[in-house]
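# Chain and residue survey
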Amino acid sequence: MLFKSLKTQPSHGKVDLSLLLSSLLNIGYAVFALVAGVILAYALQSFEIKLVINSWWLLLGFMLLIGLDLAEHPLDPSWINWKILCVPLGCVIGSCLGAYFSYMLLKDLSFMDALLFSQGYGFYSMSSIVISELKGPELGSIALMNDLLREIFAILLMYALGWRYPRSAIAAAGATAMDVTLPMVKQACGNAFIPYAMLSGFVLSILAPIVVSVLAAL
């Protein structure tokens, strides 16, 4: 609705099933790593081995890698215009509305927690660490699964609606639009929308750690 009100026109891309399967396989690696970590933790507990990991240093390591990635793929200044900036704005607005809907639907969930979970924008490696550090491991685990599932649904949405509503599909991808889901943007939405994905992912990758840290500290 936001993009229609701005008179933006849809564009037609194409769908490649092999690329979809490849993307889901990449997410499968993340799920496998998660399950392996849980199994390893239980195994260590059974041998009464205490494993202490400072999640703050893990977060700093992830942020370093993100900085290297951003430096490797610099943005074109010509991309910075109001039409492209409306995509990350749409993601923020949609995420906040989704948080309110979840709060109304789930009685045991506070609005601040729902809002906190919504502001990860699919950046599960960051949001889970920050929330675990500031709010506890239980909420951190929820944040991890929330953003991981968001990435999966974003990929499916990209192929289901990206050819018709490319801006909406890119907004749904959140911070992953500049890396994990970028090949899908090119394939399903068309080359014309690569700048939209790059700038939107860039903005949300910077915004997510700041907003999540502030909300988690409240």
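See the structure printed just above.
Figured I'd write up the structure that's included with this text. (Residues numbered from 1 in each chain as written. Predicted model: local features only at pLDDT ≥ 70, side-chain atom pairs only at ≥ 80, totals over all residues. Heavy atoms only, no water.)

As a further point, take the overall build of the protein. Counting its regular elements, the protein contains ten helices and zero strands. The order of α-helices and β-strands along the protein, N terminus first, is α-α-α-α-α-α-α-α-α-α. Classification of the 218 residues of the protein by burial places 39% in the buried group. When the accessible area of the protein is evaluated, it comes to approximately 12,400 Å², of which 71% is carbon and sulfur surface. (Helix = DSSP H or I, 4+ residues; strand = E, 2+ residues; numbered from the N terminus. Buried < 20%, exposed > 50% of the residue type's maximum accessible area, 1.4 Å probe, protein only. Areas by Shrake-Rupley, 256 points an atom, 1.4 Å probe, with all protein chains shown as cover.)

This part takes up the nonpolar core. Within the largest apolar cluster, 45 residues are counted, with the highest numbers of intra-cluster contacts made by Ile131, Met158, Ile170 and Val185. Going through the elements one at a time, helix 4 (82-105), helix 5 (111-118), helix 6 (124-135), helix 7 (137-161), helix 8 (166-173), helix 9 (182-189) and helix 10 (194-217) are the ones with two or more residues in this core. Non-local contacts of isoleucine 131, meaning those with residues more than four positions away in its chain, are made with Leu116, Phe117, Gly136, Leu139, Gly140, Ala143 and Val212. (Core = buried A, V, L, I, M, F, W, Y, C linked by side-chain atoms within 4.5 Å. Contact = heavy atoms within 4.5 Å.)

With respect to the secondary-structure elements, methionine 112 resides in helix 5. Given a relative accessible area of 38%, methionine 112 falls into the partly exposed group. Beyond its immediate sequence surroundings of up to four residues, methionine 112 is in contact with Leu215 and Leu218.

A separate point is the packing of helix 6 against helix 10. In contact at an axis separation of 9 Å, helix 6 and helix 10 are set at 20° when each is read in the N-to-C sense. Judged on the interaxial angle alone, helix 10 and helix 6 are roughly parallel. For the pair helix 6 and helix 10, the crossing hand works out as right-handed. In this structure, helix 6 uses Met126, Val130, Ile131, Leu134 and Lys135 to contact helix 10, whose residues at the interface are Ala208, Pro209, Val212, Ser213, Ala216 and Ala217. (Axes fitted to C-alpha atoms, helices over the stretch in contact; angles between N-to-C directions. Parallel < 35°, antiparallel > 145°, perpendicular 65-115°, else oblique. Left-handed = near helix turned anticlockwise from the far one by under 90°.)

Our next topic: a nonpolar patch on the surface. Among the surface-exposed residues, Tyr100, Tyr103, Met104, Phe111, Met112, Ile206, Ile210, Val214 and Leu218 lie close enough to one another that they form a single nonpolar patch of about 880 Å² accessible area. If you list the elements that add at least two residues to the nonpolar patch, you get helix 4, helix 5 and helix 10. Under the relative-accessibility criterion, valine 214 is labelled partly exposed at 47%. (Patch = residues over 30% accessible without salt bridge, like charges linked within 9 Å, V, L, I, M, F, W, Y side chains within 5 Å. Salt bridge = Lys/Arg side-chain N within 4 Å of Asp/Glu carboxyl O.)

To continue, consider the packing of aromatic side chains. Counted under the stated rule, the structure contains four aromatic pairs. Between tyrosine 100 and tyrosine 103, the aromatic rings sit 6.3 Å apart at their centres with planes inclined by 45°, giving tilted as the arrangement. Separated by three residues within a single helix, tyrosine 100 and tyrosine 103 lie in helix 4, roughly one turn from each other. (Phe/Tyr/Trp six-rings, centres within 6.5 Å; stacked < 30°, edge-to-face > 60°.)

Across all of its chains, the model carries zero disulfides by this definition. Here cysteine 96 is not disulfide-linked; the sulfur of cysteine 91 is the nearest cysteine sulfur, at 9.3 Å. With a relative accessible area of 29%, cysteine 96 lands in the partly exposed category. (Disulfide = S-S within 2.5 Å.)

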